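# Tertiary structure, described
For reference, the chains in residue letters:
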Amino acid sequence: MIGQGRRGRGTAAVAAFLAAVLSMPGMPGAQAAAPEKGQVGAKLPAAASSVPAAPMTEAKKAALASIDRHRDEIVDLSLKVWRFAETALKETKSAAALADYAESQGFRVTRGIAGMPTAFVAEFGSGAPRIGIMGEYDALPGISQKASSTKEALEPGAPGHGCGHNLFGAASLGAALSIKEAIAAGRLKGTIRFYGTPAEEAIGGKVYMAREGLFRDLDVALAWHPSTKNEADTSSSQAMVDLKVEFFGKAAHAAYDPWNGRSAVDGLEIFTHALNMMREHVKPTVRMHYVIQEGGQVPNVIPEKAALWLWLRDSKRAGVEEVLARVRPMVQGSGMAAGVESKLTIQGGSWEVLVNMHGARLLYSNLKALPPLSFTPEEQEFARTIQKTTGVETKGLRTDVVPLPDKPAPQPEGGSTDVGDVSWVVPVIHLEAATAPDGAPWHAWPVVACGGMSIGQKGMIYASRALAMTMVDLFERPADRQAIRDEFQEQTKGVVYKGYVPDGPPPVPDTAGAKP
Ligand SMILES: [Zn+2]
Ligand SMILES: [Zn+2]
């Protein structure tokens, strides 16, 4: 989410650092530290090599044919959303484009759900099994970029699809459509549901949709994310909580009668100092980052108001809770020390992704059955130009499939996502597909550039195909569905899901502009 961002973007170094720290002699868990996830050529655990390619059933062939038939429309949708480049909760045209297309293809579409005008569900079929697939479509502010291999804004200062969500929504809908057609033709039985999930980069629309119970009746849900690699994702994400910390003082002339004033900024400064001291005394998995949103206006007025926007993350929710419990008295204490009032508000957050290994194996077996992703020499050259411009190794685009480990990576890559919340309500299978050059910065112009041309489009269609094949298996193979559910039940035993959302409706639209 909010720059909570694509999991793992540009954070391999963090994961490597954590793996190194955790494997230091004497560190708890030193024995358990596994090879870093995603390393090509890393030694394969036995389980990975034993996953055979999934069989190519008639229903799968038909689903792939459907994606081929609708390819131009799926690409067109991704381009429309790329050009709209609407930020969180303002994805009006983007959501409408996807929802209208779904409706035109015969889905029952419900718009404006969970209190968000840009959230929708498109459903087809009836009864069990019920398989869901998620699609995002929000852009990021300020990173407008042409579909070119050098940095050049399409419209200076405007938003851009620096997380590839224009591809995300369109590919997921394309996969859902292929299943819809299979159900309509009587090849598959059950319900397919596409979730149009807004504001991933801000408030995390899925958290509000989960609060409404919209995922609860699914057997399994799928999602994917544009990436620099192809992978049945087995890495979790960071849990995080989004906080607002405010201080309220008393204004006075800063030179004439400062004794009459109490500075809200003093409270804020004491707080950030305390927080920064605490960094020494938290687990290495903890991340804390903030921006100062209000800190007075002129030096000769003692500031009445100061505000800070803070995110706390850890690899597990329990770790976030622990740090949050230490931050609460810190806020109060800072206010007391400065003689000002203080306030802490939870604005949002997300749970860490719960990895379902049986689901990942099923997806991986379908990645093995698919012809590999391929790029033309021109596309590889485009990617290498970007890599050269951004100062990373000119390795081009990845087409390989990352080997499947036999268990989730010990530590998540950096970043959080509202897919995490969904994964505690229903088992989630997650794919990454290469849509941008290896190593180039994420949430930045290279991703926008590739998302608006054939590189992103090829990765997107590859994702659509892999997701469609995996969904066919979920419909046709009750034993796999059951194994996925059993693993999920085991993992969530005793856990009552309650997302980090404030009471009341989602903040639409006033904070939308400020938050992404
Ligand atoms: Zn992102
Ligand atoms: Zn993203």
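So, here is what we can say about the structure in this document.

How each quantity is defined
- Residues numbered from 1 in each chain as written.
- Chains lettered and ligands numbered in written order.
- Predicted model: local features only at pLDDT ≥ 70, side-chain atom pairs only at ≥ 80, totals over all residues.
- Pairing = 2+ DSSP bridges.
- Helix = DSSP H or I, 4+ residues; strand = E, 2+ residues; numbered from the N terminus.
- Expected span 1.5 Å × (residues − 1).
- Buried ≥ 20, exposed ≤ 12 C-beta atoms within 10 Å, placed from the backbone.
- Arc of directions from axis to C-beta.
- Axes fitted to C-alpha atoms, helices over the stretch in contact; angles between N-to-C directions.

### Re the sheet that holds strand β2 (residues 120–125)
If you walk across this open sheet you meet the seven strands as β1-β2-β4-β3-β5-β11-β6, and the pairing is mixed. Whereas interior strands pair on both sides, the edge strands pair on one side only; in this sheet they are β1 (108–111) and β6 (231–232). Note: strand β3 (residues 130–135) against strand β5 (residues 220–227), three bridges, orientation parallel. When the sheet's bridge partners are listed, glycine 132 is paired in β5 with alanine 221.

### Thoughts on helix α11 (residues 377–389)
Compared with the 18 Å implied by 1.5 Å per residue over 13 residues, the 18 Å span of α11 between its first and last C-alpha is a close match. All of the buried residues in α11 are Phe382, Ala383, Ile386 and Gln387. Angularly, the buried residues of α11 cover 135° about the axis, an arc narrow enough to put them on a single face. Counted as exposed and oriented over 90 degrees from the buried face of α11: Pro377 and Glu378. Residue glycine 391 follows α11 closely and has a positive phi angle near 75°.

### Looking at the sheet that holds strand β9 (residues 305–314)
If you walk across this open sheet you meet the four strands as β8-β9-β7-β10, and the pairing is antiparallel. The strands lining the two open edges of the sheet, one partner per strand, are β8 (287–295) and β10 (341–350). Across the sheet, the mean angle from the axis of one strand to that of its neighbour is 15°, orientation sign disregarded. Looking at chain direction, β8 and β9 are connected through eight bridges and run antiparallel. When the sheet's bridge partners are listed, glycine 295 is paired in β9 with alanine 306.

### What about unusual backbone geometry?
Here the amide bond leading from alanine 128 into proline 129 is cis, since omega sits at -5°, within 30 degrees of zero. The backbone of alanine 85 shows a phi angle near 40°, a positive value even though the residue is not glycine. One non-glycine residue, alanine 199, lies in the positive phi region at around 55°. Structurally, alanine 199 can be placed in the loop between β4 (191–196) and α7 (205–211). When the 32 C-beta atoms within 10 Å are taken as the criterion, alanine 199 is described as buried.

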